[in-house]
Amino acid sequence: MKYSKLAAAIVAAMAFGCAQVFAAEVTSDQTSTQDTAKSSQDTPAGSSVDAPENNQKKQAKRLDTVIVSGSLINNAQIQTATPTFTITAKDIEARGFNSVAEVLQNSVFSTGTVPGSQTPGFNQGSQTFSFYGLNPEYTLTLLDGKPITQFGQLFGGVSDFTNIGNIPLSIIDHIDILPGGGSSIYGSQAISGVVNIVTKEHMDGAEVSVRTGNYSLGGGASQRLSMAFGHKFGDLDVLGTVEFDNQSPAWYYQRDLTSAAPRPIIVAAMWDYGVNYSSPTSFQAPPNGCGAISNLFGGTTALVNRSNGSFCGSPKTFSYGTFINKDRSYSGTLKLRYKLNDDVRLYADVLTSWQQQKFTAGIAYNWWGPKDLPGGVIEDANTLHVLSPERFFAPEEVGNNNGNGLVRQNDLMYQGDVGANGKFGESNWNWDAYYLRSGERTSDVSPLHPAAAIDGFFQNILGPVVGVDPNTGYNMYHPNYAAFYSPISTAQYKSFTTNINAKYNTWINNFRGTINNDSLFRLPGGDAGFAWLLEGGNQAWYAPVNPMVANGLIWGNTGVSGGGQRDHYASAFELNMPVLSSLTLDLSGRYDRYTISNGAPNNKFTYKVGLEYRPFSTLLLRGNYATGFIAPDMSSIFLGPSGQYNNVTDYYLCETQGGGQNCSSGYTEGVKINVLPNKKLQPTNSSSFTFGTVWSPIHNLSLSADYLHISINNEIQLQSSDLLMRQESQCRLGQLPSDSAICQSAYGQITRSPFTGQVTNLNLYYVNIANEVTDSVTAEAKYAFNPTPIGSFAVQLDYNGMLKHSYQQYPGTTPINQLTNPLWSTEFKNITTGSLSWSWHDTWRSTLYMHRYSPTPNYIAVTYGPGYPGAGSLPPWFLYNLSVGYSPTKDLDFSLMVNNLFNTMPPQDPGYRKSRTFPYFNNYNYNIYGRQIMLQATYRFGGSR
């Protein structure tokens, strides 16, 4: 974009005057943060109570901030038309959460499942969350009310998302969650909700905190050291924090559930397809048994006899992967506030975090087969049998007990802003203007195998090519089978292994100016407030693919690549009108425009209407209707040569060779998929409405319940490979006209082998095509018991239940009920959390926290469908965390935290073990961390007491 034009626009906005914060925008305004912090400090752990004067401030500063509080005194007077849920730093510590990711993944709104450190493949080195079972990118994540750049890697390899795994926990003051549409205030992504991570704003003195933790089942030991310091030097207010985190890895072999398979899994095998690739699959027996490699996998490798042949196998083949990453990070923040005069304050904020993680998907992803050789298999020149050798590399061969196979990911996240705010003299007009830069640089170093090197190594074992079979096109050999079933040294393994670097770079530049007036005009219910915003900037995503990957020189590996920038302009307003003393109307609207070179611009106007009705002071009836949108992913419009391997069902071969029977089981093969961009994409649109109530019938009790409906249309999705394969089959079978646009497109996007007719490549594009709907109910209850001689008690219960989640892949198809169709989703239907807190004379404190996950489908239901014999549900999963704190003095705190108090493992699901589907449980829904015990000490010194 032209920055001269943008600068002129911002200067003009500043000349007109700019508001400090938007009406529904949760900010880190110094006054409100101090008020909230003071409230938290004066209440028991797990609860917070606003002083009466805070209620008056809320009425006077409605457009400065939404004061979010878990108040038990007239909570109906503090909540607004948009439900807001808050967890404070004290709550986070009391409930034993170790990271921002754990906080949000434990929210009752997180009914969806997401990959993480224990899900091999994409996103093993990042953390995110899913509200209402929707794509993580549908929830906007903010840091102090400002946008965070998105992660360079893609969620599941196909969509953008925000990585929250590198935000230091020690800087958090509280986290606010606003469910439902928020695009009229915040713009793109605010469809399922907005999460605002609010950092500490002010302190006087210093604080040092040390934490150490261990898992009782082994692995994952962690240490944390954090320091914070702050002071006001005249008109200059300074706050700084530093944090160091260290975590050891945890391996699957350290847990009973995942340490070994119920039956041996292949270490070395020679698949035999018979003559001309025609007979059923069998194994060719190892010539001299498996004695030569019996020492591999800790001496568990042995000959495995099956009815269709024999191979060398071990029950521990897949157990040498990590489910907790090795992690080391350094982070720091600096906040400066300078009072220039009574009307102007200057400010600057900087946060940076450097993190290195090491992890491995395990031996399951470290093997060799002749897939890069012509035809993907070999042929024995003596027997004319088509063979497919398969060899997994043992931890003894990789070296360092598979430690040499760890991927190393370095990540640098930074965010900084500089700005000013103030007021115009004695008027009611306030202003704020800032420039923000948010960025993230990530690099992965993976030990991978150059195709030529690894194929060359095994071709030496197979022997030279002695010819090519004219009937199949396969290379013919006189294999040295004994050599194939022999161990290799670590040096030999290194000879066909090299470190491949992948780099990602994203950033956001944003200029924003706002103005607001808390008393624009008088209405019967009070003063009307108004706010207006103007912003502009650009964002970038760059993922240059490694040349060796791009040129297909790495065995069995594809990469995501691409890059580009787009400009963004927006303007928004909010009008808050207390029509009557009991009725408030809130209106907001926003216009966004995204532009890219050589592409269609994206323009979108969104709006929101909210109503608050208070028939009496202790009861609030509320509701709102909002529209929302997501601008097309940067990856979907700037993707370069990118690919992945996925399983697809070949319906054409199934019909012509298998009579159309058992297509999914008999004609499903791994195929290379090339993902292609689409610069003509339009935004994903949404509408949502919510209505509910907040009731505080007595001084100590607060009850709330809200219903939320979200409808998403024109959703951007990668083309369905299954639909494309069905269409291509219909075209080839004459069920669709071969010269139609559908058939011509299918023929052009699917590549088949001229020898076998099997699919070898698929080209898929991003398209606006899908629709999605969710309905949910959220309820919360808080009660603070009157103080007793044995201390103060407080209890809190939160619940979120999914009533509906339907997904329509493309127009004309029957919507899929994701809550009842386990073939599509295993998300949780409902989540309940509860906490019981106790404190005594500010000396002792304790919190028992419970998290209940609803039943989910079992393996048979997920694999074969809900009607298949044996399909059913797993029981609910309960986890309990306990914390106990002791403060011998007002400056010193000790804490003991025990997560997963009863060492609860995932519900038993025999289907995973019977099918040998590693890691033998649903690792998207559950974890095998086990009991974690942590000790923490915090000391405060200096400053005012």
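Anything mentioned here points back to the structure above.
Q: How do you make sense of the overall build of the chain when you look at a structure like this?
A: Across its full length, the chain carries 20 helices and 43 strands. Against the globule reference of 30 Å for 945 residues, the chain gives a C-alpha radius of gyration of 30 Å, in line with a compact fold. Considered along the principal axes of its C-alpha atoms, the chain spans approximately 95 × 65 × 50 Å. By residue count, 57% of the 945 residues in the chain fall in the buried class. Looking at the chain alone, contacts between residues at least 24 apart form 72% of all its contacts between residues at least 6 apart. Here the chain carries 60 positive and 68 negative side-chain charges, and the mean point of each set is 2 Å from the other.

Q: Where do I start with the nonpolar core in this structure?
A: Nonpolar side chains in soluble globular proteins tend to be buried together. Counting 94 residues, the largest nonpolar core has V100, I172, I175, W368 and F393 as the members making the most contacts within it. When neighbours within four sequence positions are excluded, F393 is seen to be in contact with F297, I363, N366, W367, W368, V398, H449, I454, F458, I488, Y493 and F496. With 28 residues, the next largest nonpolar core counts Y504, L681, V759 and L762 among its residues.

Q: I would appreciate a short explanation of the state of the cysteines in the present structure.
A: For the structure on display, the rule yields three disulfides. Note that C654 is cross-linked by a disulfide to C663, the S-S spacing being 2.0 Å. Taking the sign of the S-S torsion, about -85° here, the bridge from C654 to C663 comes out left-handed. C654 sits in the buried class, given a relative accessible area of 0%. Under the relative-accessibility criterion, C663 is labelled buried at 13%. Each sulfur in the disulfide pair C731 and C743 lies 2.0 Å from the other. Negative torsions about the S-S bond denote left-handed disulfides, and the value of about -90° found for C731 with C743 makes this one left-handed. With a gap of 12 residues between them, C731 in helix α17 (residues 721–732) and C743 in helix α18 (residues 741–749) connect regions that are remote in the sequence. Across the pair, exposure class does not vary: C731 and C743 are buried alike.

Q: I tried to follow the pairing of strand β25 (residues 498–523) on my own but got confused; where do I start?
A: As a general feature of sheets, a regular strand has side chains that alternate between the two faces. With 20 bridges connecting them, strand β22 (residues 429–448) and β25 associate as antiparallel partners. The partner of N430 across the bridge, within β25, is N516. Pairing of β25 with strand β26 (residues 526–543) involves 16 bridges; the strand directions are antiparallel. Looking across to β26, one finds that W507 is bridged to A540. Turn length for the β25-β26 hairpin, with the two strands adjacent in sequence and antiparallel, is two residues.

Calculation criteria
Residues numbered from 1 in each chain as written. Predicted model: local features only at pLDDT ≥ 70, side-chain atom pairs only at ≥ 80, totals over all residues. Heavy atoms only, no water. Helix = DSSP H or I, 4+ residues; strand = E, 2+ residues; numbered from the N terminus. Rg over C-alpha atoms; globule rule 2.2 N^0.38 Å. Buried < 20%, exposed > 50% of the residue type's maximum accessible area, 1.4 Å probe, protein only. Contact = heavy atoms within 4.5 Å. Lys, Arg positive; Asp, Glu negative; His and termini not counted. Charge placed at Lys NZ, Arg CZ, Asp CG, Glu CD. Core = buried A, V, L, I, M, F, W, Y, C linked by side-chain atoms within 4.5 Å. Disulfide = S-S within 2.5 Å. Pairing = 2+ DSSP bridges.

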